[in-house]
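Observations on chain architecture
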Amino acid sequence: MTSPHGPDASRPRDHDDADPATAGNGATAPGTAAPGLRAAGWALAVLGAATLAITAFTTPWRALPEQAPPVAPDAARDFTAEQLARSAAFDAVVGPPAYLSLGLTLVTAGVLAATPLGARLLGRLKGPWWLRVLLGVLAVTVAVELLRWPLGMWQETHLRDYGLSVQTWPAWAADRVKGIGIRTGLTAVMVLAVVALARRVQRWWLPAALGAFTLTVAASFAYPVLVEPVFNDFRPMAAGQLRDDLLAMAARDGVPVEDVLVADASRRTTALNAYVSGFGATRRIVVYDTLLRAPADEVELVVAHELGHAESGDVLYGTLVGGLGAACGACLLYLVSSARTVRRRSGVPSLADPRAAGLIMGLVSLATGLSGPVQNLVSRQVEARADVHALDLTRDPATFAAMQKRLAISNISDLSPDIVEYVLYASHPSIPERIALARSWAALNGLPEP
Ligand SMILES: [Zn+2]
């Protein structure tokens, strides 16, 4: 990504140098608009409309057929007053650090995007442009993560108080530093690529959009083999009845599964979980070792849910839509960073300027934060479809409901999330909603209601 002519041999080509009206005769006109704004705007409109349309038409908005009798979620029906109180108490203590952390991220992003503070601080860095970009990414990350660190510790003490976390502080800190390191590496690649493109290509939104799509797909594909092993050890499930049953169920489902992997999550948490990640050659179904303490038929129900994700290709599909979203983000970044107000307020004349690192990080962080609720909305529908898949495959709503109860109690799930929590954080329907779905499914299929 460095210039073949050595550092700084290619002078930054600021947008200001290339107004469409004057670029042809080589004149420069500082303060005029970037080239290709109209094309980038059209690309954003077309890509954005396509992404929205694909999402709207392919999201399973209704998990069960219309004739399924509706069942209202009712936490009091399945959980004792003590369990409900414990869930509410846990929710009350983990809320403040989570909201503060989110607020901090958004405020920092706003400061970087709308004030010259970031550009001023990054303006003090010395060296070739690419080094200044890398140091800028590092400086912003360190500043934000230092502010977030005590909030993370505060959150962790609550997880320990409730017996969810079993980590020591050094192990917790190591996990956190590894996570920050991986995110920073990805951010650095992205920011460096944007600045490099802005320095070489006038209408850089096009290669940036293609790059954003490609990077998203590549990262999702590589995630299970490159990132997950940094945090956990994975081993194939031990030979035995459970493994035989799970593979037989996958075969019955028509989903090719060579192995179910077990993650050593118990060194970190007492929570139960399972997931599917990757696609194609990297696709894997993983269960936490903590989950294996549950009765075998409940583990089967969890894996049946994961098979639902595998069968519908949810990871690949989510990655492709995410890649389209990232491409939209690249066009949006071009348009927003070209806007006179943003250039003036942020003190960054163009993204070809190495001081733009903070502005790029701020804008990307804002866009990611704002897209979260939309991702959750779609994710909840996809999760409900996987639940229905598990019910169709096992035809065992009673065990499904038992498994949901076990998840709720072990993980101290929020049994009555308020609307803000639901919109911001809920990637799954709430446990009472999932149990209600099983009851509705049972009524539809003429089976006794669990
Ligand atoms: Zn799921």
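Fair warning: this is a prediction, and the values are worked out from it, not measured in the lab. (Residues numbered from 1 in each chain as written. Predicted model: local features only at pLDDT ≥ 70, side-chain atom pairs only at ≥ 80, totals over all residues. Heavy atoms only, no water.)

1. Concerning unusual backbone geometry
A positive phi angle is found at R395, which is not glycine, with a value near 50°. Within the secondary structure, R395 sits in the loop between α14 (356-394) and α15 (397-411). (Helix = DSSP H or I, 4+ residues; strand = E, 2+ residues; numbered from the N terminus.)

2. As for the UniProt feature "active site" (unreviewed entry) in the chain
Per the UniProt record, "active site" (unreviewed entry) is found at E306 and D387. Spatially, the listed residues are clustered: although they cover 82 residues, their C-alpha atoms lie within 8.8 Å of one another. Tracing the chain through its elements places E306 in helix α11 (residues 296-312). We classify E306 as buried; its relative accessible area is 6%. For E306, the residues in contact, after removing those within four places along its chain, are A274, Y275, V276 and I285. As for its placement among the helices and strands, D387 is situated in helix α14. D387 gets classed as buried once you look at its relative accessible area, which sits at 1%. Those residues in contact with D387 that sit more than four places away from it in its chain are H305, F400, Q404, R434 and L437. (UniProt positions renumbered as here; feature names shortened; annotations may be inferred. Buried < 20%, exposed > 50% of the residue type's maximum accessible area, 1.4 Å probe, protein only. Contact = heavy atoms within 4.5 Å.)

3. Some details on the coordination of the zinc ion
The coordination sphere of the zinc ion contains the protein donors H305 (NE2), H309 (NE2) and E383 (OE), at a distance range of 2.0 to 2.1 Å. Donor residues binding the zinc ion come from one chain and are separated in sequence as H-x3-H-x73-E. Of the two residues, H305 and H309 are both situated in helix α11; the distance of four residues between them amounts to about one turn of the helix. For the pair H305 and H309, a shared accessibility class is recorded, and that class is buried. (Donors = N, O, S within 2.8 Å, 3.2 Å for Na, K, Ca; no water.)

4. Overview of a nonpolar patch on the surface
A grouping of Y99, I419, V420, V423 and Y425 is seen on the molecular surface, where their side chains present a nonpolar patch of about 440 Å² in accessible area. Top contributing element to the nonpolar patch by residue count: helix α16 (residues 419-425), with four residues. With a relative accessible area of 39%, Y425 lands in the partly exposed category. (Patch = residues over 30% accessible without salt bridge, like charges linked within 9 Å, V, L, I, M, F, W, Y side chains within 5 Å. Areas by Shrake-Rupley, 256 points an atom, 1.4 Å probe, with all protein chains shown as cover. Salt bridge = Lys/Arg side-chain N within 4 Å of Asp/Glu carboxyl O.)

5. Things to note about the pairing of strand β4 (residues 284-288)
Most of β4 is tucked away, with five of its five residues classed as buried. Summarising the sheet, strand β2 (residues 260-263) and β4 pair through four bridges and their orientation is parallel. Each bridged residue has a counterpart across the sheet, and for V260 the counterpart in β4 is I285. Bridge count for strand β3 (residues 274-277) against β4 is four bridges, and the pairing is antiparallel. Bridging across to β4, Y275 finds its partner in V286. Here β3 folds back onto β4, and the loop between the two strands holds six residues, one of which, G278, carries a positive phi near 70°. (Pairing = 2+ DSSP bridges.)

6. Focus: the nonpolar core
Counting residues in each nonpolar core, the largest one holds 45 residues, and the members touching the most others are V287 and L307. Of all the secondary structure elements, the ones that give two or more residues to this core are α10 (241-253), β2, β3, β4, α11, α14, α15 and α17 (431-444). In terms of residues, this core owes the most to one element, α11, which gives seven residues. Inspection of this core shows a minimum of three residues originating in each of domain 1 (41-49 + 78-234 + 304-444) and domain 2 (235-303). With residues near it in sequence (within four places) discarded, L307 still touches M249, A250, D253, V255, V257, I285, H389 and L393. Ranked by size, the runner-up nonpolar core spans 40 residues in total, among them L112, V194, A196 and W205. (Core = buried A, V, L, I, M, F, W, Y, C linked by side-chain atoms within 4.5 Å. Domains from an automatic or database assignment.)

7. Comments concerning the packing of α14 against α17
In contact at an axis separation of 10 Å, α14 and α17 are set at 45° when each is read in the N-to-C sense. On the basis of the axis angle, α14 is oblique to α17. With respect to the hand of their crossing, α14 and α17 are arranged in right-handed fashion. Counted together, A384, D387, V388, L391 and D392 of α14 and R434, L437, A438 and W441 of α17 form the full contact between these two elements. When its residues are assigned to classes, the contact of α14 with α17 shows six nonpolar, no polar and three charged. (Axes fitted to C-alpha atoms, helices over the stretch in contact; angles between N-to-C directions. Parallel < 35°, antiparallel > 145°, perpendicular 65-115°, else oblique. Left-handed = near helix turned anticlockwise from the far one by under 90°. Nonpolar A, V, L, I, M, F, W, Y, C, P; charged D, E, K, R; others polar.)

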